[in-house]
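An overview of the molecular structure
Read off the chains here:
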Amino acid sequence: MDKLTILLGSGFSYKAGLPLAKDIEPYFQRNNTENLLHFPSGEWKWNDYASSADLTNGKLSYDWLAYGCILNVLVAEYVKDKGSFENYEAFYQYIIDNSSNWNFLEDIYKKAKDMFDGKDILASTDPNYQDYTQAFQQPSSKELTNLVNHLIDDLLYCRKPQEEVLSSYTPFLHYIKDVKELYIITLNHDIVLEFLLKSIPERPYSDGFSYQNTSLFSTNDKPIRTYSGDFETTI
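The text that follows walks through the structure, step by step, so that each part is easy to find. (Residues numbered from 1 in each chain as written. Predicted model: local features only at pLDDT ≥ 70, side-chain atom pairs only at ≥ 80, totals over all residues. Heavy atoms only, no water.)

Considerations on the side chain of Thr214
The residue Thr214 is located in the loop between β5 (208-210) and β6 (226-230) in this model. A polar side-chain atom of Thr214 sits 2.7 Å from the main-chain carbonyl oxygen of Ile224. For Thr214, the residues in contact, after removing those within four places along its chain, are Pro223, Ile224 and Thr226. (Helix = DSSP H or I, 4+ residues; strand = E, 2+ residues; numbered from the N terminus. Polar contact = N/O pair within 3.5 Å; in protein donor to acceptor, adjacent residues only side chain to side chain. Contact = heavy atoms within 4.5 Å.)

Now the structure itself:
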């Protein structure tokens, strides 16, 4: 074919071992009191897929326990308001929509503190009680969006061996390899597609990002690719 346009749905990455939207929702709807990890770098992860090192490092700070309760309350309030947990994207938008509502934030953190104390997660006489409950005193919409963003990211990470992933997508790669001009529109949030395209080195692809005219630089003064609408290659 001379020219082909492909529209990829979000389920394209399922064969790479990534979950569908319906598979992500149960993670948020369960009791997450002790299921979160928080790292000094600011990242959040689930403990489900963590290595033994991450399970230790993710609990060096104290707020992982408090935010487990905060997430429980946040999901409960969302379900109460919307009637059900529609999908994780709508839940994320719900947090953004309420991020400037201080009364909303205070109520979430207060209810989470009551849950923490009501379930006797840690006795108030424990010498570390103040440290573990400090997060309840500092409502933060930024930390809530950061929390959910990282938790979703943790689930959209490909954990299968690269060879197995490539083998699963051999029909797709075979189908596109001889198309002269290929346009791909994808609804995926992961980078499985980019990984697959990199396996065809003789056919470089454009994703619209470029180093040219960028205004962003790393702490080492290295340029960071930014979106410029540059689609010069044949893919």
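Past the structure itself, the notes keep going.
Some remarks on the layout of surface pockets
In this structure, the largest pocket spans a volume of roughly 560 Å³. What lines the largest pocket is a set of 19 residues, and nearest its centre among them are Leu156, Tyr157, Cys158, Asp190 and Ile191. The set of elements that each furnish at least two residues to the lining of the largest pocket consists of α4 (88-97), α7 (141-155), α8 (162-168) and α10 (192-197). Of the residues contributing to the lining of the largest pocket, the split by class is 10 nonpolar, three polar and six charged. Here the second largest pocket is characterised by a volume of approximately 380 Å³. In terms of lining residues, the second largest pocket is bounded by 18 residues, among which Ile184, Ser206, Asp207, Phe231 and Ile235 are the most central. Those elements that provide at least two residues to the lining of the second largest pocket are β4 (181-186) and α10. When residues of the lining of the second largest pocket are assigned to their parent elements, the largest contribution, six residues, is made by β4. (1 Å grid on protein atoms, 1.4 Å probe; cavity = no way out; pocket = protein on both sides within 12 Å on 5 of 7 lines; lining within 4 Å. Points joined across faces, edges and corners; volume = space filled by probe spheres on them. Nonpolar A, V, L, I, M, F, W, Y, C, P; charged D, E, K, R; others polar.)

Comments concerning the packing of aromatic side chains
Any two aromatic rings considered together are summarised by their centre-to-centre distance and by the angle between their planes. By the definition in use, this model includes 19 aromatic pairs. Geometrically, the ring pair formed by Phe28 and Trp46 is edge-to-face, given 5.3 Å between the ring centres and 80° between the ring planes. Here the residue Phe28 occupies a position in helix α1 (residues 21-29), and Trp46 occupies one in strand β3 (residues 44-46), the gap between them amounting to 18 residues. We note that Phe28, like Trp46, is buried. (Phe/Tyr/Trp six-rings, centres within 6.5 Å; stacked < 30°, edge-to-face > 60°. Buried < 20%, exposed > 50% of the residue type's maximum accessible area, 1.4 Å probe, protein only.)

Describing the environment of Glu25
Following the sequence through the fold, Glu25 ends up in helix α1. Those residues in contact with Glu25 that lie beyond four places of it in its chain are Phe85, Glu86, Asn87 and Tyr88.

Some remarks on the packing of helix α3 (residues 63-82) against α7
Where α3 meets α7, the closest approach of the two axes is 12 Å, and the angle between their N-to-C directions is 90°. Classified by the angle between their axes, α3 and α7 sit roughly perpendicular to one another. Contacts from Tyr67, Ile70, Leu71 and Leu74 in α3 reach Glu143, Leu144, Leu147 and Leu151 in α7. Classifying every residue of the contact of α3 with α7 by side-chain character gives seven nonpolar, no polar and one charged. (Axes fitted to C-alpha atoms, helices over the stretch in contact; angles between N-to-C directions. Parallel < 35°, antiparallel > 145°, perpendicular 65-115°, else oblique.)

Overview of the nonpolar core
Residues Phe28, Tyr67, Leu71, Phe91 and Phe172 are the most contacted members of the largest nonpolar core, which totals 59 residues. Considering every element that reaches this core, the biggest residue donor is α3, with 11 residues. (Core = buried A, V, L, I, M, F, W, Y, C linked by side-chain atoms within 4.5 Å.)

Here's the deal with α4
Every buried residue of α4 is accounted for by Tyr88, Phe91, Tyr94 and Ile95. The arc enclosing the buried residues of α4, seen along the axis, measures out at 110°, which places them on a common side. The inward-facing, buried residues of α4 contact α1, α3, α5 (102-118) and α7. (Arc of directions from axis to C-beta.)

Remarks on α1
Regarding α1, the residues found buried are Ile24, Glu25, Tyr27 and Phe28. Along the axis of α1, the buried positions cluster into a sector of 155°, meaning they face one direction only. Those residues of α1 hidden inside the fold are in contact with β3, α3, α4 and α7.

Digging into the environment of Val79
With respect to the helices and strands, Val79 occurs in helix α3. Every residue in contact with Val79, bar those within four places of it in the chain, is listed here: Ser84 and Phe85.

Considerations on the pattern of salt bridges
All chains considered together, the criterion is met by 12 salt bridges. Measuring nitrogen to oxygen at the nearest pair gives 3.3 Å for the salt bridge that ties Lys45 to Asp54. The residue Asp178 makes a salt bridge to Lys177 at a minimum N-O spacing of 2.9 Å. (Salt bridge = Lys/Arg side-chain N within 4 Å of Asp/Glu carboxyl O.)

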